[in-house]
Amino acid sequence: MSDEDYYFLGTQIVYSNPGTTKFQIMDGQQRLTTITALLSVIKSHLENHRDALAQGDEFDKVNEFILDEIDKYFWYFKGTKKFPVLTPKESSSKTVLSNLRKLRGKDPKSIDPPKDDGKTLPGGKNLLDAAIYMYNEVMKKAKLENKKDPNKELMKFVETLSKRVIITFTRTENISMAFQMYISVNGPNAKPLNTFDLFRGLLVQRAYVIKMPAKIEPRVNELNKKIRPIKRMGEKELDRVMT
């Protein structure tokens, strides 16, 4: 890769929730989730490497890199109060992503897939499976590039991600404007949002307007679970139920 190379990952469309600094994502959730999971496993490799070092300059260098280039740059909003940049709507994915951030040098296989009534939840399991795959593959590729010091390659990759990967960030004031932007950006090839996606977005936005997100969001999560088998039956059945 030359110094002139840049990589464009498309447009991120979010809309505001009144009374909070958090945003709802209209377009770009999968890309952000993938990047977050990828950085989580790289961070765990670097933590493992750091913990194997004796106290000294190299230990401090790796530790400062983890804090400055991953934790502060990607994980949390700057300010006095820390909270994650990305919080998925789906509860099992949210649980897995939270655990991935806290691997502390361990393999993501150490995380138990989230379950409900004894059944593994697909959203969280899929994210966890992807993280396990990335954990193994990033080290393989780093060793191909630099067999002597693969962790140095991982650090170079994180720097590339922060300095040479570009995402256009578009913020709108409400879900309606965000949906119009989504259609405009993606054109006729856009994957249409189904009626439940739109209904859920309106519910979440309204929850913040009336300042009751803590009470409403758990009910939205419960609705997600109940609507899942209906989604599997197809768009027509989903539209019929929502109507």
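We now turn to the structure provided with this report.

Reading the values: rules and limits
- Residues numbered from 1 in each chain as written.
- Predicted model: local features only at pLDDT ≥ 70, side-chain atom pairs only at ≥ 80, totals over all residues.
- Heavy atoms only, no water.
- Patch = residues over 30% accessible without salt bridge, like charges linked within 9 Å, V, L, I, M, F, W, Y side chains within 5 Å.
- Areas by Shrake-Rupley, 256 points an atom, 1.4 Å probe, with all protein chains shown as cover.
- Salt bridge = Lys/Arg side-chain N within 4 Å of Asp/Glu carboxyl O.
- Lys, Arg positive; Asp, Glu negative; His and termini not counted.
- Charge placed at Lys NZ, Arg CZ, Asp CG, Glu CD.
- Buried < 20%, exposed > 50% of the residue type's maximum accessible area, 1.4 Å probe, protein only.
- Phe/Tyr/Trp six-rings, centres within 6.5 Å; stacked < 30°, edge-to-face > 60°.
- Lys NZ or Arg CZ within 6 Å of the ring centre and 35° of its normal.
- Pairing = 2+ DSSP bridges.
- Helix = DSSP H or I, 4+ residues; strand = E, 2+ residues; numbered from the N terminus.
- Axes fitted to C-alpha atoms, helices over the stretch in contact; angles between N-to-C directions.
- Contact = heavy atoms within 4.5 Å.
- Parallel < 35°, antiparallel > 145°, perpendicular 65-115°, else oblique.
- Left-handed = near helix turned anticlockwise from the far one by under 90°.
- Nonpolar A, V, L, I, M, F, W, Y, C, P; charged D, E, K, R; others polar.

The next subject is a negative patch on the surface. Taken together, the side chains of D57, E58, D60 and E64 make up a negatively charged region of the molecular surface. Residue classification places D57 among the exposed positions, given a relative accessible area of 70%.

One pass over the structure, following the stated rule, counts zero aromatic pairs. The ring of Y6 carries R164 above its face, with NZ or CZ at 4.8 Å from the centroid.

One open sheet accounts for three strands, arranged β2-β1-β5; its pairing is mixed. The open sheet has two free edges, formed respectively by β2 (23–27) and β5 (165–172), since each of these has just one partner strand. The average angle at which neighbouring strand axes cross in this sheet is 35 degrees, direction not considered. With seven bridges joining them, strand β1 (residues 7–16) and β5 adopt parallel strand pairing. Each residue of the ladder has a partner; that of Y7, found in β5, is V165. Packing of helix α1 (residues 29–51) onto the sheet brings it into contact with β1, β2 and β5, and relative to β1 it is tilted by some 115 degrees. Together, β1 and β5 form the strand contacts of helix α5 (residues 150–164), whose direction differs from that of β5 by roughly 45 degrees.

We now examine the packing of α1 against helix α4 (residues 122–145). Packing of α1 against α4 leaves a shortest axis separation of 9 Å and a crossing angle of 50 degrees. For the element pair α1 / α4, the angle class is oblique. As for how α1 packs across α4, the hand of that crossing is right-handed. Mapping the contact onto sequence places T33, T34, A37, L38, V41, I42, S44 and H45 in α1 and L127, A131, M134, Y135, V138 and M139 in α4. Grouping the constituent residues of the contact of α1 with α4 by class yields 10 nonpolar, four polar and no charged.

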